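# Notes for the structure review
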Amino acid sequence: MSFDLVALKEERSPSARPRRSLDLETESFVRALPIRWRLLSIAALNATVAVILAALIWNGANVLSRAWDDVRRVRESDKLLVLLESEASRLQNLIHRYINQPSQDVLAEILGCTARC
């Protein structure tokens, strides 16, 4: 069985995409390497890309973890500020009560509230 390459080339349809190839030097260099070295180089390239992606993911995870720690600290601070605001409001109400109707019970509450804050 034989093929006429010239006839096959002419029978090609004009809409067919031409095959892109490397320049002759690169193609000859790649073809000169044994197949096991080509496979090994592709595997090494894939491993390098995988390591780089893993490092980027690791870095992103660390940044995200630090951001969540900051969010937790802000929430804790917010809770403390809300508690402080409620205690200040309570103390202010007790002071107004004491000014309007002085009594020992209200004064004891005021002193107890200032000792806690």
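If you're wondering where the values come from, they're calculated on a predicted model, not measured in any experiment. (Residues numbered from 1 in each chain as written. Predicted model: local features only at pLDDT ≥ 70, side-chain atom pairs only at ≥ 80, totals over all residues. Heavy atoms only, no water.)

Quick look at the overall build of the chain now. Regarding its fold elements, the chain presents 4 helices and 0 strands. Seen in sequence order, the chain has helices and strands lined up from the N terminus as α-α-α-α. Burial analysis of the chain (117 residues in total) assigns 4% to the buried set. (Helix = DSSP H or I, 4+ residues; strand = E, 2+ residues; numbered from the N terminus. Buried < 20%, exposed > 50% of the residue type's maximum accessible area, 1.4 Å probe, protein only.)

Let us look at the confidence of the model for the chain. Here the chain shows a mean pLDDT of 83. Residues at 70 or above account for 79%. Across the chain, the element-wise mean pLDDT spans from 54 in helix 1 (residues 5–11) up to 94 in helix 3 (residues 35–100). (pLDDT = per-residue confidence, 0-100.)

With that settled, consider the environment of Leu 91. Relative to the helices and strands, Leu 91 is located in helix 3. With 22 residues separating them along the chain, Leu 91 and Cys 113 place their C-alpha atoms 6.7 Å apart. Once you skip the residues sitting within four places of it in the chain, Leu 91 turns out to touch Ile 110, Cys 113 and Thr 114. (Contact = heavy atoms within 4.5 Å.)

All right, on to a nonpolar patch on the surface then. Residues Leu 45, Val 49, Ile 52, Leu 53, Leu 56 and Ile 57 make up a contiguous nonpolar surface patch of about 600 Å² in total accessible area. Looking at where Val 49 falls in the secondary structure, it is placed in helix 3. (Patch = residues over 30% accessible without salt bridge, like charges linked within 9 Å, V, L, I, M, F, W, Y side chains within 5 Å. Areas by Shrake-Rupley, 256 points an atom, 1.4 Å probe, with all protein chains shown as cover. Salt bridge = Lys/Arg side-chain N within 4 Å of Asp/Glu carboxyl O.)

Taken as a whole and judged by the stated rule, the model has 3 salt bridges. With its nearest N and O atoms 2.7 Å apart, the salt bridge here joins Asp 69 to Arg 72. In this pair, Asp 69 and Arg 72 both sit in helix 3, 3 residues apart, roughly one turn of the helix. Arg 72 gets classed as partly exposed once you look at its relative accessible area, which sits at 46%. Taking the shortest distance from any N to any O, the salt bridge between Arg 73 and Asp 70 comes out at 3.1 Å. Here Arg 73 and its partner Asp 70 are both found in helix 3, 3 residues apart, which amounts to about one turn of the helix.

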